[in-house]
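Chain by chain, the residues:
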Amino acid sequence: MKIIMISPFAPYPPNSGGRIRQWELIKYLGSRHDLTLVFFINKGEKKILDGAFKNICSRVSTITHQPLPWPMRIYNKVRSKISMITNAGDNILKPTHRSLPWPMRIYDVEPMRRLLKNLSSNNFDLLITEFIYMAHYRDFFDAPAVLHEHNIESSVFKQYSELPDVHNKDIFGIRKNPVFWKASWMHMRDYENNTWPKFDLRITVSKLDQKEMDSRCPDGKTIVAENGVNTVSIKMLPPSKSKKILFVGTMNYFPNIDGALYMAESIMPYIWRTDPSIRLCIAGNNMPKQILDLSSDPRIDIIRDPSDISTVAKNCSVSVVPLRIGGGTRIKILEAFALGLPVVSTSKGCEGLDAEDNLHLMIRDNPEEFAAAVTTVVNDHNLSELLRKNGRNLVESKYDWQNIFKSVEDRILDLTNSGT
């Protein structure tokens, strides 16, 4: 089968949840089918990609983004349209223009249009579109099309609009009030509602996302392919009696920034009152200054761009996921399970995963209760071992990439064979 996959960003190196999922899908499909890959890159990324897709993809084409910062430029272009919004609560005018939601406009450029129009003559059997941000290219191809939704983006935007102090938050590099974010999520929601039916099959990462998508687009074309891990390549670490706890996240993603700050500023003080010897380690790429500045506290370590998270995890005893915002499901939890690292999470952090409180992980939403759970797991080695074993067993039985993508492949083959 000839497949073309288009993505808003490079799926390599696999150092974030979205990239990990794409990379595993690319490897799976590339080993079984003729796969062409097209995506945007940032300036300077091309060298990193050299040789990455050899013997996996038959063709890889990239388009380089225009120089950043782009969010404010895009916002300025649509500012007059945003101004139609009133301040009267829910009395927000529905946009009548047919333009894309503003966060998507960086992906709607002439070089990508030309490239995809040229490639469309290759008679592909299937188009796979990664994220809603590339969905406007669906009509370039006559083949059946799959939309791979890692998150429901409008749901995340809605959460931004509900933050009590959102005007003080840097999201997409801008600071705007709740009215702006409400307009953004409503525009994105309307775009999703109009776009989802154009795809022959839609893939979500959780039953929660599938339920929302089906409620807004009830045509029965949505399936769940949950996030996973490579349980063959990820080995379980030996038990650790370390007093260091680990937060992992891609730090140009606002929910991770918010979670890391929440952990350091609201939860760690409670932990230190009970056990001042516990240290916090924050590891990830694209660290902003506000996260780097946390290292001024000697009890907090910042690890930038770790090449292998297992080398960091082996010196830690607990993985913390104190997220308050987000969509989809967290691969970081599944990787912690695979590594045998006990997890303490908020409800939002583990949302959509088939993991039970006090069996596979500890789920706590109040800062003081979250801190108490962390302290307990760090110091109770019997509890730690129980969580380690149960977490590892869960990912081996339910969250292995090979099994997940085999099911996706079966549905894709049914789609292309039926010609619908």
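Structure shown above.
Model, not experiment: these values are computed from the prediction.

**Quick notes on the packing of aromatic side chains**
Enumeration according to the criterion identifies 21 aromatic pairs in this entry. Centroid distance phenylalanine 40 to tyrosine 107: 5.6 Å. Interplanar angle 65 degrees. Geometry classified as edge-to-face. Taken together, the residues span a long stretch of sequence, with phenylalanine 40 in strand β2 (residues 34–41) and tyrosine 107 in the loop between α3 (71–82) and α4 (110–119) at a distance of 67 residues. Note on accessibility: phenylalanine 40 and tyrosine 107 belong to one class, buried. Here phenylalanine 124 and phenylalanine 141 contribute two aromatic rings whose centre-to-centre distance is 6.4 Å and whose plane-to-plane angle is 65 degrees, an arrangement assigned as edge-to-face. With phenylalanine 124 in the loop between α4 and β4 (126–130) and phenylalanine 141 in the loop between β4 and β5 (145–148), this residue pair connects regions lying 17 residues apart in the sequence. Summarising the burial analysis for this pair, phenylalanine 124 and phenylalanine 141 share the class buried.

**Here we look at the pairing of strand β9 (residues 279–284)**
The element β9 is largely enclosed, with a buried count of 5 among its 6 residues. Sheet topology places strand β8 (residues 244–248) next to β9; 5 bridges connect them, and they run parallel. Paired with phenylalanine 247 across the two strands is isoleucine 282, which belongs to β9. In this fold, the crossover linking β8 to β9 by way of helix α8 (residues 254–274) has right-handed handedness.

**Thoughts on the sheet that holds β8**
Strands sit in the order β10-β9-β8-β11-β12-β13 across an open sheet of 6 strands; the sheet is parallel. Across the chains shown, the open sheet's two edge strands, defined by having one partner strand only, are β10 (300–304) and β13 (362–363). With 3 bridges joining them, strand β11 (residues 318–321) and strand β12 (residues 343–345) adopt parallel strand pairing. Bridge pairing in β12 places valine 321 opposite serine 345. Contacts between α8 and the sheet are confined to β8, β9, β10 and β11, with β8 contributing the most and set at about 160 degrees to the helix.

**Let's talk about helix α5 (residues 153–161)**
Each α-helix winds once per 3.6 residues, and so residues spaced three or four apart point in a common direction. Taking burial as the measure, the 9 residues of α5 include 7 buried ones, the bulk of the element. Those residues of α5 not exposed but buried are Glu153, Ser154, Val156, Phe157, Gln159, Tyr160 and Ser161. Against α6 (178–195), α7 (207–216) and α8 lie the buried residues of α5.

The rules behind the values
- Residues numbered from 1 in each chain as written.
- Predicted model: local features only at pLDDT ≥ 70, side-chain atom pairs only at ≥ 80, totals over all residues.
- Heavy atoms only, no water.
- Phe/Tyr/Trp six-rings, centres within 6.5 Å; stacked < 30°, edge-to-face > 60°.
- Helix = DSSP H or I, 4+ residues; strand = E, 2+ residues; numbered from the N terminus.
- Buried < 20%, exposed > 50% of the residue type's maximum accessible area, 1.4 Å probe, protein only.
- Pairing = 2+ DSSP bridges.
- Right-handed = clockwise from strand over helix to strand, strands pointing away.
- Contact = heavy atoms within 4.5 Å.
- Axes fitted to C-alpha atoms, helices over the stretch in contact; angles between N-to-C directions.

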